[in-house]
Amino acid sequence: MIRYIFRRIPSFVIVVALASIVAFLLPRLAPGDPAVQMAGPDATTEQVDAIRHAAGLDLPLVTQYLNWVGGIFHGDLGTSFSYHRPVSELIAASMESSFELAIFAAIIMVVLALVLGVLGGTQLRKTSRTVLDVINTAMIAMPAFLVGLILIVVFGIVLRVLPISGQVNLSENFAEGIKYLILPAIALALGQAAVIARLLQTSMLTTRGEEFVDLATAKGASPARITFRHVLPASLNTAIVALGLRIGELLGGAIVIEAIFSRSGLGQLAVQAVNSRDYFLVQALVIGAVMIAVLSQLTSELVTAAVDPRVRLDG
Amino acid sequence: MKLLHSKRSAAAVAAVVVAGLMLAGCTPSGHASSASGSSAPVRGGTLTVGSGNDAVPGFVLAGNQSNWSWERSVFQTLASLDAKGVPRPVLAKSWKVAANGLSIDVKLRDDVTFSTGRKMTADDVKASFLDTLNPAFGSQLAFIAKQFTAITVQSPTELTIDFAAPLPNIFDFFELTSIIDPTTVSGLANGSKVIGTGPYAWQSWTPGSSLTLVRNANYWGPKPYLDKITVVTISDPTALVNAVRSGRVQYAIGMAGIDVAGFQKDPQYSVVQTTGSLYPLGVDTTAAPFDKLAVRQAVQYAIDRKRIVSQVFGGLAQPTTQFWSPGTPGYDTALNDAYAYNPAKAKKMIADAGATGASFTINVIGFGSNISAAQIVQNNLKAVGLNPTVNVLPALTFIGQQAGAKLGPMFMPLHGLGFGPATLVNLVPSLRPGNPSHFATPEYVSLRDVLAKAQGSAVAPATKALGTYITQQAFNLPLVYAPGYVVTIPALRGAKTTALSYADFSSAYLGK
């Protein structure tokens, strides 16, 4: 497994290097000028030019790119045009919120996916399966923002039992922080859990047709033992890969859910950065998202190998 | 002056944006106040303010909508314009304009301190005024400071400002320009040191998230009631509404008109009107077909302003053709009907001018209300024989092109109402020299200069004359005026809004 990880390093480096070029060019290809943002809406052309020069935005693109990459190797991600603070400081300030939400949502997602997936992958009566399918389909069909708005109206405005706006970091007040996480995490997790559950369900139903399951049945194994000891482990591969990708997305920032629950996470930071053409901030967030995606994929491969003995990473 | 206004779509993005800047002018609704009931003021408590835009402390010398929620709690100015546009002393004690109008002597209060405890002096005022000339601070009124030939500190509490020419709009400058602590000015942009003389002190700021102000222990004036003010940034319009309805926020700034309407009839909330925005339609007068006056006027006859008011603003706006606030001396109500909707007349004028079928692009700043209004404008113009195409530009792109006067044949910007007309004509991009209409006839320049120098009783006729000329030339005319709104809870008492739409919590308290 160690050899496998080392073998992946070159591709990891290449992906990040290419991502850095894309991250650098992307915000510059979009219309809009950060100097205009910095100068304010009533600024004259002369004021904008003066600010553009002071920020080094009139340097050749290659020079700007090399300066940025050189800074990264020295631990300097640059300074935000909008906030005049180090980009690393801004990201660190938003990271806890996003990570807490991602982890909490991931826990809900895993639990729900397993429950629904295993239930769906079990032999059920027709009525039970219909009910399960309806629930699963409804969860898949409802976008996260809609779930979020329904939760806000019901639990935040009508019943007023849970906070629907803002955040308290768990490091500051764990109990209070959990209250602020419940609704956005559920909104994020429901749809994702249903998708993974459907994958798991399909995989389990397929696995049940395998000969080793028939053998276990013939040996008198109980249905529960067959499900959890034989069918489930052999059916998890696809779900784990999907789970890894979903968690990677969550860690990158849940833009819509953060917005409607007024949480200040990486997603909202990215939105602000894009809208104010805050180049260094956008670049760092894009690179970060790419790295998280790559690491998530790698992790899911390792977990798959650990769970399923048929998978051999070093082979 | 706010020249950009964050609306629903902007926030959706961006965010947006950022936002925008907005300085407002003196309107009858200026100095709006929340409920002032009879209950005795209550000391203590934390007020949570919701704002669609994050603070921009580096722009405290500019007019900036992002700072409406907190700036007047931390920073003060020499004077403040009252509801009638009359300057009232704040940090200044008195002033005297020279008989020839070429200088002003200002006496400062001798008891003012910054939140650090250091006494404010005339040198601090001078430094703040000079900082407005630095582009990094983004002051829209730098053009006024450029008219200062000298700022002479006579004593720690006295200074004299000499002008190159009479400056009747000097009090607009006083109203806008916050007095900052020059020893900590380098900490403004990143929010590490934000030191002012106001009733509350800047305690902490998490960019994009929240800002905390606490009672200024060194405040020179009456002790404020609240212990703390927390300003939370909520860029999503729906989230801002929900934050108010769930009780998290007690004072919301920057809510879209359509959302405000939902609070207006609800007794659990108070809606306070503040100075609003103008939605103009401009054309490039140097290119066909809008180089012809008849076509420009026909365009104005073709626009159904009342439909825009009704369909875009839900009735919370009014048709207008003037760049000044209703109630401004010289504001001519009759001008608002100068181009009453008359598509038949417009169609004939366009045909007579040989412009039927002319194709052109309408560049629109990418905010929700503007985009919706542009659809109506496009529809109206097609109905009279023109062939426009709407092109929505991101706010930053639009502003950049506006600064360079490159907005194309037709455009729809967004302007805040600002100060007095004398300031506006040199400030509003649609009117100032180098405007995107490229309109600079000798008569226009002359009328603008007369207004810029008008004082006292001469202001009203000069304003009316210029307004009449602008309306007649139709190179750029507002379609509607939409007031701004603040949503509060009735328990919040004593909160005020300045003439420039900044929140004033110096006397605010949370009652029962």
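Since we're looking at a predicted model, the values are computed, not measured. (Residues numbered from 1 in each chain as written. Chains lettered and ligands numbered in written order. Predicted model: local features only at pLDDT ≥ 70, side-chain atom pairs only at ≥ 80, totals over all residues. Heavy atoms only, no water.)

Observations regarding the overall build of chain A
Just so we agree on the cut-off: Elements are defined by DSSP. Helices are runs of H or I of four residues or more, strands are runs of E of two residues or more, and each kind is numbered from the N terminus. Residue burial is assigned from relative accessible area. The probe radius is 1.4 Å, only protein chains are included, and a residue is buried under 20% of its type maximum, exposed over 50%, and partly exposed in between. Any two residues whose heavy atoms approach within 4.5 Å are treated as being in contact. Reported accessibility uses the Shrake-Rupley method at a 1.4 Å probe radius. Residues are deemed covered only where the shown protein chains occlude them.
Across its full length, chain A carries 13 helices and zero strands. Its helices and strands in sequence order give chain A the pattern α-α-α-α-α-α-α-α-α-α-α-α-α, from N to C terminus. Within the span of chain A, comprising 315 residues, buried residues form 46% of the whole. Counting contacts in chain A only where the partners sit at least 6 residues apart, residues at least 24 apart contribute 71% of the total. Accessible area of chain A: about 15,300 Å², with a carbon and sulfur share of 70%.

Things to note about the interface of chain B and chain A
Where the parts come together, the accessible area they lose is often given as the size of the interface. Formally: Once two parts are brought into contact, the accessible area they lose, counted with a 1.4 Å probe and summed over both, makes up the buried area. The term salt bridge refers to a pairing of a side-chain nitrogen on Lys or Arg with a carboxyl oxygen on Asp or Glu at a separation within 4 Å. The term polar contact refers here to a pair of N or O atoms within 3.5 Å; inside protein, the definition further demands a hydrogen-donor-capable atom paired with an acceptor-capable atom, and it admits residues adjacent in sequence only when both atoms are side-chain atoms. The nonpolar class holds Ala, Val, Leu, Ile, Met, Phe, Trp, Tyr, Cys and Pro. Asp, Glu, Lys and Arg form the charged class, and all remaining residues, Gly among them, are polar.
Listed as interface residues are 47 residues of chain B and, on the opposing side, 37 residues of chain A. Interface area, chain B with chain A, both sides summed: about 3,200 Å², of which 58% is carbon and sulfur. Considering only the side of chain B, the residues that lose the most area to chain A are B:P135, B:P207 and B:L396, jointly responsible for 18% of the buried surface there. Put simply, chain B and chain A have zero salt bridges between them. The tally of links from chain B across to chain A stands at six residue pairs in polar contact (both at pLDDT 80 or more). Listed by contribution, the elements that provide at least two residues to the side of chain B that touches chain A are α6 (237–245) and α12 (395–403) of chain B. With six residues, α12(B) is the single largest residue contributor to the side of chain B that touches chain A. In terms of residue class, the side of chain B that touches chain A is made up of 26 nonpolar, 16 polar and five charged.

Overview of the side chain of A:S300
All names here are of chain A. As for its placement among the helices and strands, S300 is situated in helix α13 (residues 279–307). Of the polar contacts made by the side chain of S300, one reaches the backbone oxygen of Q297; its length is 2.7 Å. Those residues in contact with S300 that sit more than four places away from it in its chain are I240, V241 and G244.

Describing the packing of aromatic side chains
What counts here: Only Phe, Tyr and Trp rings take part, Trp by its six-membered ring, and two of them pair if their centres are within 6.5 Å. Stacked means planes under 30 degrees apart, edge-to-face means over 60, and tilted covers everything else. Think of it as a cone above the ring: NZ of Lys or CZ of Arg counts as a charge over the ring if it is within 6 Å of the ring centre and within 35 degrees of the ring normal.
Per the stated rule, a full pass over the model turns up 27 aromatic pairs over all chains. Centre to centre, the rings of B:W95 and B:F171 are 5.1 Å apart; their planes meet at 50°, and the pair counts as tilted. Note that B:W95 is positioned in strand β4 (residues 92–97) and B:F171 in helix α5 (residues 170–176), a separation of 76 residues in sequence. Given the relative accessible area of 15%, B:F171 is considered buried. Connected via pairs of aromatic rings, a cluster forms that spans B:W95, B:F129, B:F148, B:F163, B:F171, B:F173 and B:F174. The ring of A:F24 has A:R28 lying over it, and the distance from NZ or CZ to the ring centre is 3.7 Å. Geometry around B:Y502 places B:R72 over its ring, the cationic atom sitting 4.9 Å from the centre.

Considerations on the nonpolar core
The criterion, for reference: Nonpolar cores are built from buried Ala, Val, Leu, Ile, Met, Phe, Trp, Tyr and Cys residues. Side-chain atoms within 4.5 Å join them into one set.
Among the nonpolar cores identified, the biggest contains 166 residues, and B:W70, B:F148 and B:F174 are the most heavily contacted of them. At seven residues, the largest contribution of residues to this core is made by α13(A). The contacts of B:F174, once residues within four sequence positions are left out, are B:T77, B:L78, B:A79, B:I104, B:V106, B:F129 and B:I161. Residues A:L181, A:L200, A:A242 and A:A254 belong to the second largest nonpolar core, which totals 38 residues.

Remarks on the packing of α6(B) against helix α7 (residues 257–264) of chain B
Residue and element names in this part refer to chain B. To be explicit about the condition: Note on geometry: axes are C-alpha line fits, over the in-contact stretch for helices, and angles between N-to-C directions span 0 to 180 degrees. Should an angle fall under 35 degrees it is called roughly parallel, over 145 degrees roughly antiparallel, and 65 to 115 degrees roughly perpendicular, with every other angle called oblique. Each crossing is labelled by how the near helix is turned from the far one, with a counterclockwise turn of less than a right angle marking it left-handed and a clockwise turn marking it right-handed.
It is the contact of α6 with α7, at a shortest axis distance of 10 Å, that shows an interaxial angle of 20°. Overall, the two elements α6 and α7 adopt an arrangement that is roughly parallel. α7 is crossed by α6, and the crossing has right-handed handedness. Contacts from P237, V241, V244 and R245 of α6 reach α7 at D259, G262 and F263. Residues of the contact of α6 with α7, tallied by class, amount to four nonpolar, one polar and two charged.

Here's the deal with the sheet that holds β4(B)
Strands pair in a sheet through their backbones, by hydrogen bonds, and they do so in one of two ways: parallel or antiparallel. All names here are of chain B. Just so we agree on the cut-off: One bridge is not enough; two strands pair if DSSP finds at least two bridges between them.
Reading across from one edge, β4-β5-β7-β6 is the order of the four strands in this open sheet, with antiparallel pairing throughout. Single-partner strands in this sheet number two, and they are β4 and β6 (148–155). Mean inter-strand twist for the sheet, computed between neighbouring axes without regard to direction, equals 15°. Strand contacts of helix α3 (residues 122–131): β5 (103–108), β6 and β7 (158–163), with the helix running at about 165° to β6, the strand carrying the most contacts.

Some thoughts on unusual backbone geometry
Residue and element names in this part refer to chain B. Going from A288 to P289, the amide bond is cis rather than trans, its omega being 5°. The residue P289 is located in the loop between β12 (270–283) and α8 (293–302) in this model. Of note, A474 is a non-glycine position whose phi angle comes to about 55°, a positive value. Considering the arrangement of structural elements, one finds A474 in the loop between α15 (459–473) and β18 (476–488).

A few points about the pairing of β5(B)
Residues and elements named next belong to chain B. Of the strand pairs in this sheet, β4 and β5 are connected by five bridges, and their pairing is antiparallel. Each bridged residue has a counterpart across the sheet, and for K96 the counterpart in β5 is D105. Taking the residues between adjacent antiparallel strands as the criterion, β4 and β5 are bridged by five residues, where G101 takes a positive phi near 75°. By the bridge criterion, five bridges tie β5 to β7 in an arrangement that is antiparallel.

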